[in-house]
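Read off the chains here:
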Amino acid sequence: MRIRKGRYFLSRVVKINLSQEELMDAICHPAIIRVGKYNWTITDMVDKRDDESLPFIYGKLVKYADDTQDVVDEYNHTQDQSITANLVKASSPFVYLSEFSGLCFLHVYNDIESETFPRRFKRIIEDSRKLKYNDLLIECDVDAISDYASFFNKIILIKKITQIEATVSPPNPLFGRIWKSLNDTLKERNTSTLRINEESEKREGLKTNLHNLVNSIEENNISNCKQEVALTDAAILMAADGYGRGKVAGEGENGEMIEVRTKDAQKSFLFEKNPSPNFLARKANEEFMKVSEERKMEH
């Protein structure tokens, strides 16, 4: 029997006023939300947060609604329509690994796509905490981890960078060596969210070392990168590592405008569409370990 595979995307869950335990409790006791004609919730949870070898939580983000189905009336030999309650339209298996604040989920074409999953997951978690625990000041964002090879290939087309924009939050528990100074500043200032937008209308554009920095990471050469990283460059790299969102814009070789977002180059892999929770957790753990090693992530 052929195993059907789908594409899984790597993200991080950025938590504000929300602990790891509170997040995992919300995944295991999810709210039900309604968007348009569909309801959304999390089902089939497997809670292995206390597993010493590989702690994780598995579940499925489910899109469902009451709908009609064609049925056969055997007595009259006719076809009729019957209303079925809570008919599943689509579901996306996912796994959360607390060691990386890492979330890995299946892209379901036309139903639960890579931009839809983060929004639904965010709302389910936030509504769960607000409804059951009256947590009104929490935020739970799901941010893409960029594939640096793809990200570099996109931004290298920008010959004159005119804008760098980023929104980032302090990481927990890992941080990237190359943007450590920014992480330290955020912690010292007790910052929850930093938004930065740098623009230049001058002929030569922004003076940035972003191309070289991304290339150093992509070539696994961070250790030899000794120069001080500018604030805005560090914010983009922090966002690319899954702790926010960023955008780089400018002009291409022929003067055309190019815009690259960190989520446009999201890291992903192929795996079974109907996975064993343990197998998906192991595969996701391998992928997050690779990210940590190539980017020299530290606790």
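For the structure, check the block above.
Keep in mind the model is a prediction, meaning the values are calculated, not measured.

**Thoughts on the overall build of the chain**
Piece 1. Scanning the chain from terminus to terminus reveals seven helices and 14 strands.
Piece 2. Judged by the C-alpha coordinates and their principal axes, the chain covers about 80 × 45 × 40 Å.
Piece 3. Classification of the 299 residues of the chain by burial places 49% in the buried group.
Piece 4. In the chain, once contacts between residues fewer than 6 apart in sequence are set aside, the share between residues at least 24 apart is 72%.
Piece 5. For the chain, the accessible area works out to roughly 15,800 Å², and carbon and sulfur atoms hold 44% of it.
Piece 6. Averaging the locations of the 43 positively and 48 negatively charged side chains of the chain gives two centres separated by 2 Å.

**What about the pattern of salt bridges?**
Side chains that differ in charge, positive against negative, can pair when their charged atoms come close.
Piece 1. Going through the model one piece at a time under the given rule, you end up with 21 salt bridges.
Piece 2. Among the ionic pairs, Asp-111 bridges to Lys-63, the shortest N-O distance being 3.3 Å. A residue pair is termed long-range when its members are at least 10 positions apart, and Asp-111 in the loop between strand S6 (102-106) and helix H2 (116-133) and Lys-63 in strand S4 (residues 56-73) qualify at 48 residues.
Piece 3. Residue Lys-63 is classed as buried on the basis of its relative accessible area, which comes to 10%.
Piece 4. Residues Lys-290 and Glu-287 are paired through a salt bridge, measuring 3.5 Å at the closest nitrogen-oxygen approach. One end of the pair, Lys-290, and the other, Glu-287, are both in helix H7 (residues 277-294), three residues apart, so they sit about a helical turn from each other.

**Describing the nonpolar core**
Piece 1. Among the nonpolar cores identified, the biggest contains 82 residues, and Leu-23, Ile-27, Cys-104, Phe-121, Phe-151, Trp-179 and Leu-237 are the most heavily contacted of them.
Piece 2. No other element matches helix H6 (residues 231-243), which puts eight residues into this core.
Piece 3. Phe-151 has contacts with Val-214, Ile-236, Val-248, Val-260, Arg-261, Thr-262 and Ala-265, leaving out every residue within four places of it along the chain.

**Re the packing of aromatic side chains**
Piece 1. For the coordinates displayed, the defined rule picks out eleven aromatic pairs.
Piece 2. Ring plane angle 5° and centroid distance 4.2 Å describe the contact between Phe-105 and Phe-117, whose orientation is recorded as stacked. Residue Phe-105 is located in strand S6, and its partner Phe-117 is located in helix H2; the two are separated by twelve residues in the primary sequence.
Piece 3. Aromatic pair Tyr-148 and Phe-151: ring centres 6.4 Å apart, planes at 70°, arrangement edge-to-face. Taken together, the positions of Tyr-148 and Phe-151, both in helix H3 (residues 148-155) and three residues apart, correspond to about one turn of that helix. A single burial state applies to Tyr-148 and to Phe-151, both of which are buried.
Piece 4. Geometry around Trp-40 places Arg-120 over its ring, the cationic atom sitting 4.9 Å from the centre.

**Quick word on unusual backbone geometry**
Piece 1. Despite not being glycine, His-77 has its phi angle at roughly 55°, a positive value.
Piece 2. Within the secondary structure layout, His-77 lies in the loop between S4 and strand S5 (78-97).
Piece 3. A positive phi angle, near 70°, is found at Asn-110, a position not held by glycine.
Piece 4. Structurally, the position occupied by Asn-110 is in the loop between S6 and H2.
Piece 5. You can call Asn-110 exposed: its relative accessible area is 56%.

**Observations regarding the sheet that holds strand S12 (residues 257-261)**
Piece 1. Read across the open sheet, the four strands follow the order S10-S8-S11-S12; overall the sheet is antiparallel. Both edges of this open sheet fall to strand S10 (194-199) and S12, since each of them pairs with a single strand only. Between one strand and the next, the sheet's axes are offset by a mean angle of 10°, whatever the strand orientation.
Piece 2. Where strand S11 (residues 244-251) and S12 come together, five bridges link them in antiparallel fashion. The residue of S12 that forms the bridge with Ala-249 is Glu-259.

**Let's talk about the environment of Ile-57**
Piece 1. Structurally, the position occupied by Ile-57 is in strand S4.
Piece 2. In sequence terms Ile-57 and Phe-94 are 37 residues apart; their C-alpha atoms lie 8.4 Å from each other.
Piece 3. For Ile-57, the residues in contact, after removing those within four places along its chain, are Met-24, Ile-27, Cys-28, Val-46, Asp-47, Arg-49, Phe-94, Val-95 and Tyr-96.

**A short note on the environment of Val-248**
Piece 1. Tracing the backbone through its elements, the reader meets Val-248 in strand S11.
Piece 2. Look at Val-248 and you get buried, because its relative accessible area is 0%.
Piece 3. In this structure the C-alpha to C-alpha distance between Val-248 and Glu-198, which are 50 residues apart in sequence, comes to 9.8 Å.

**Side note on the side chain of Lys-247**
Piece 1. In this structure, Lys-247 sits in strand S11.
Piece 2. Here Lys-247 falls in the buried class, since its relative accessible area comes to 17%.
Piece 3. Sequence-distant contacts of Lys-247, that is, excluding residues within four places in its chain, are made with Gln-163, Ile-164, Glu-165, Ile-236, Glu-259, Val-260 and Arg-261.

Cut-off values and rules
Residues numbered from 1 in each chain as written. Predicted model: local features only at pLDDT ≥ 70, side-chain atom pairs only at ≥ 80, totals over all residues. Heavy atoms only, no water. Helix = DSSP H or I, 4+ residues; strand = E, 2+ residues; numbered from the N terminus. Buried < 20%, exposed > 50% of the residue type's maximum accessible area, 1.4 Å probe, protein only. Contact = heavy atoms within 4.5 Å. Areas by Shrake-Rupley, 256 points an atom, 1.4 Å probe, with all protein chains shown as cover. Lys, Arg positive; Asp, Glu negative; His and termini not counted. Charge placed at Lys NZ, Arg CZ, Asp CG, Glu CD. Salt bridge = Lys/Arg side-chain N within 4 Å of Asp/Glu carboxyl O. Core = buried A, V, L, I, M, F, W, Y, C linked by side-chain atoms within 4.5 Å. Phe/Tyr/Trp six-rings, centres within 6.5 Å; stacked < 30°, edge-to-face > 60°. Lys NZ or Arg CZ within 6 Å of the ring centre and 35° of its normal. Pairing = 2+ DSSP bridges. Axes fitted to C-alpha atoms, helices over the stretch in contact; angles between N-to-C directions.

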